[in-house]
Amino acid sequence: MMSKIGEAFLFFRENDWRTILVRLNTRDTHPLIQFIKYGICGVGSLTLTTAVFYALSRWGAYPALISSGVSDEVRALHSIYNNIIAFFFGNIFAYVTNSLWVFTPGRHHRVLEFVYFSVVSSTGFAIGLLSGPYLIKWYGISTLTAQLLLIVSSTMVNFICRKLFVFKG
């Protein structure tokens, strides 16, 4: 593992930006570079998901902001609804960008590939949605720390599952 990381750093140190950008835009690249690209797509998906969640929470059918005037119980329920709806948009964005830029599609039929991709995403999403409150309650960590732990762990698990089982690599 350390030798692979060393190889990646050596590549960045020995090449100019043009060569690095060309390599970034190929699917057959070093796993660390592929993971960086995966992270960029993930940030885009997270941004879209967050924007949709906020828009729904502020202006949608399920108000979930403190300023919306609904009780905490209703806000909590509405935030789950809004997260599920927002997840749908973020998942489609992630699939499209990952299949176009990060991984090589074609291991499975496109529809089946999307289903597998969504199963992996949904599993991580469900675990994050359900386990965040438990991490806070059981270990007394901050909400932000619990959320960051879930994002990091699900990112790594999703990358490995998608690389090994969903796409060609």
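See the structure printed just above.
All figures in this text were calculated on a predicted structure; none of them were measured in a lab. (Residues numbered from 1 in each chain as written. Predicted model: local features only at pLDDT ≥ 70, side-chain atom pairs only at ≥ 80, totals over all residues. Heavy atoms only, no water.)

1. Quick word on the layout of surface pockets
The condition that has to hold: Throughout, the protein atoms alone are placed on a 1 Å grid, and a set of points is a cavity if a 1.4 Å probe fits but cannot get out or a pocket if it is open with protein on both sides within 12 Å along at least five of seven lines; lining residues have an atom within 4 Å of a point. Grid points are joined across faces, edges and corners, and a volume is the space filled by probe spheres set on the points. Runs of H or I in DSSP of at least four residues are treated as helices and runs of E of at least two as strands, each being numbered from the N terminus. Ten residue types, Ala, Val, Leu, Ile, Met, Phe, Trp, Tyr, Cys and Pro, are classed as nonpolar, four, Asp, Glu, Lys and Arg, as charged, and the remainder, Gly among them, as polar.
In this structure, the largest pocket encloses a volume near 1300 Å³. Put simply, the parts of the chain that give the lining of the largest pocket at least two residues each are α3 (31–59), α4 (72–102), α5 (110–139) and α6 (143–166). With 11 residues, the top contributor of residues to the lining of the largest pocket is α3. Across the lining of the largest pocket, the residue classes tally to 19 nonpolar, 19 polar and one charged.

2. Describing α3
Operational definition: To estimate the expected span of a helix, subtract one from its residue number and multiply by 1.5 Å. Think of it in three bands: with a 1.4 Å probe and only protein chains considered, a residue is buried below 20% of the maximum accessible area for its type, exposed above 50%, and partly exposed in between.
Here α3 contains 29 residues, and its C-alpha end-to-end distance of 41 Å stays within 8% of the 42 Å for a straight helix at 1.5 Å per residue. Considered for burial, the residues of α3 that qualify are Ile33, Gln34, Lys37, Tyr38, Cys41, Ser45, Thr49, Val52 and Ser57.

3. Considering the nonpolar core
Test applied: Side-chain atoms within 4.5 Å are what join buried Ala, Val, Leu, Ile, Met, Phe, Trp, Tyr and Cys residues into a set we call a nonpolar core. Residues count as neighbours in contact if any of their non-hydrogen atoms are within 4.5 Å of one another.
Core analysis: the largest hydrophobic core is formed by 11 residues, namely Tyr38, Cys41, Ala94, Tyr95, Val102, Phe103, Phe117, Val120, Phe159, Val166 and Phe167. When residues of this core are traced back to their parent elements, those giving at least two are α3, α4, α5 and α6. Top contributing element to this core by residue count: α4, with three residues. Setting aside its immediate chain neighbours within four residues, Tyr95 contacts Arg110, Glu113, Phe114, Phe117 and Phe167.

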